[in-house]
Amino acid sequence: MYVCNMAHIHAMPRKVESPTDVEHWFRAQAADLWPAALGSLSLRRSPCVREHCPACACGDQHTSYVLYGRIKGRRIALYIPDDLEPKIRRALENGRALQELLYEAGRRYTNAVKHQRAHAHEGDK
């Protein structure tokens with residue numbers, strides 16, 4: 001019979017990180033996340049400005065990519081040529097990964113400075 005001792009697993013001490021350890025970890029993780037961007041990429045369909053356009057006349061319209069985002073609270077929209085869409089999509093994927101990395105860095109950094117403060121107070125006693 002196989003028995004797993006979960007109390008032993010949860011009681012295992014976690015590595016205590018210093019703020020510097022967290023910084024080194026963050027820099028190593030973020031190194032491969034360039035280019036990075038936040039926003040959303042949309043494929044839109046719209047009519048063109050040409051008179052008697054066959055595509056518009058039959059209702060197909062024209063497709064184009066648009067990057068939507070915010071700068072200083074204002075919404076922006078940037079036209080993205082078809083051949084650049086993969087690069088922009090990759091930048092957005094990296095941006096989401098970087099955002100998740102920042103959440104994790106915040107947790108780890110907070111734990112590190114709390115531990116550092118507690119350790120400093122132990123020396124005062």
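Here, the structure is the one placed above.
In what follows, the accompanying structure is described. (Residues numbered from 1 in each chain as written. Predicted model: local features only at pLDDT ≥ 70, side-chain atom pairs only at ≥ 80, totals over all residues. Heavy atoms only, no water.)

### Concerning the overall build of the protein
And then number 1: Helices and strands together make up the secondary structure of the protein, namely 4 helices and 3 strands.
And then number 2: For the protein, restricting intrachain contacts to residue pairs at least 6 apart in sequence, the fraction spanning at least 24 positions comes to 58%.
And then number 3: With an accessible surface of roughly 10300 Å², the protein has 56% of that area assigned to carbon and sulfur atoms. (Helix = DSSP H or I, 4+ residues; strand = E, 2+ residues; numbered from the N terminus. Contact = heavy atoms within 4.5 Å. Areas by Shrake-Rupley, 256 points an atom, 1.4 Å probe, with all protein chains shown as cover.)

### Section: the environment of Ala 57
And then number 1: Tracing the backbone shows Ala 57 in helix α3 (residues 54–57).
And then number 2: Taking the relative accessible area as the measure of exposure, Ala 57 reaches 69% and is therefore exposed.
And then number 3: Residues Ala 57 and Pro 47, spaced 10 residues apart in sequence, show a C-alpha to C-alpha distance of 9.0 Å. (Buried < 20%, exposed > 50% of the residue type's maximum accessible area, 1.4 Å probe, protein only.)

### Regarding the sheet that holds strand β3 (residues 74–80)
Backbone hydrogen bonds hold the strands of a sheet together, and the pairing may be parallel or antiparallel.
And then number 1: One open sheet accounts for 3 strands, arranged β1-β2-β3; its pairing is antiparallel. This sheet does not close on itself; its edge strands, each paired only once, are β1 (40–46) and β3. Taken over all neighbouring pairs, the strand axes of this sheet differ in orientation by 35 degrees on average, direction set aside.
And then number 2: As judged from the 7 bridges shared by strand β2 (residues 62–71) and β3, these two strands associate in the antiparallel manner. Bridge pairing links Leu 67 to Leu 78 in β3. (Pairing = 2+ DSSP bridges. Axes fitted to C-alpha atoms, helices over the stretch in contact; angles between N-to-C directions.)

### What to know about the nonpolar core
And then number 1: Formed by Val 22, Trp 25, Leu 33, Leu 101, Ala 105 and Ala 112, the largest nonpolar core amounts to 6 residues.
And then number 2: Broken down by secondary-structure element, the contributors of at least two residues to this core are α2 (19–30) and α4 (85–124).
And then number 3: Looking at this core element by element, the count peaks at 3 residues for α4.
And then number 4: Ranked by size, the runner-up nonpolar core spans 5 residues in total, among them Leu 41, Leu 67, Ile 80 and Leu 92. (Core = buried A, V, L, I, M, F, W, Y, C linked by side-chain atoms within 4.5 Å.)

### With respect to α2
And then number 1: Taking 1.5 Å per residue as the helical rise, α2 with its 12 residues ought to reach 16 Å, and the 16 Å between its terminal C-alpha atoms agrees with that figure.
And then number 2: Within the span of α2, buried status applies to Pro 19, Val 22 and Trp 25. In a view along the axis of α2, the buried residues occupy a sector of 120 degrees, so they form one face of it. Facing away from the buried surface of α2 by more than 90 degrees, the exposed residues are His 24, Arg 27 and Ala 28. (Expected span 1.5 Å × (residues − 1). Arc of directions from axis to C-beta.)

### Quick notes on the environment of Gln 29
And then number 1: Tracing the sequence through the fold places Gln 29 in helix α2.
And then number 2: Sequence-wise, Gln 29 and Leu 98 are 69 residues apart; in three dimensions their C-alpha atoms are separated by 8.8 Å.

### Describing the side chain of Ser 64
And then number 1: Its place among the elements puts Ser 64 in strand β2.
And then number 2: What makes Ser 64 buried here is its relative accessible area of 12%.
And then number 3: The contacts of Ser 64, once residues within four sequence positions are left out, are Ser 42, Leu 43, Arg 44 and Tyr 79.

### With respect to unusual backbone geometry
And then number 1: In the segment running from Trp 34 into Pro 35, the intervening peptide bond is cis, with an omega of 5 degrees.
And then number 2: Phi is positive for His 52, close to 60 degrees, though the residue is something other than glycine.
And then number 3: Here His 52 falls in the exposed class, since its relative accessible area comes to 74%.
And then number 4: For Lys 72, which is not a glycine, the phi torsion comes out positive at approximately 50 degrees.
And then number 5: With respect to the helices, strands and loops of the structure, Lys 72 is situated in the loop between β2 and β3.
And then number 6: A residue is classified by how much of its surface remains accessible, and Lys 72, at 84% relative accessible area, is exposed.

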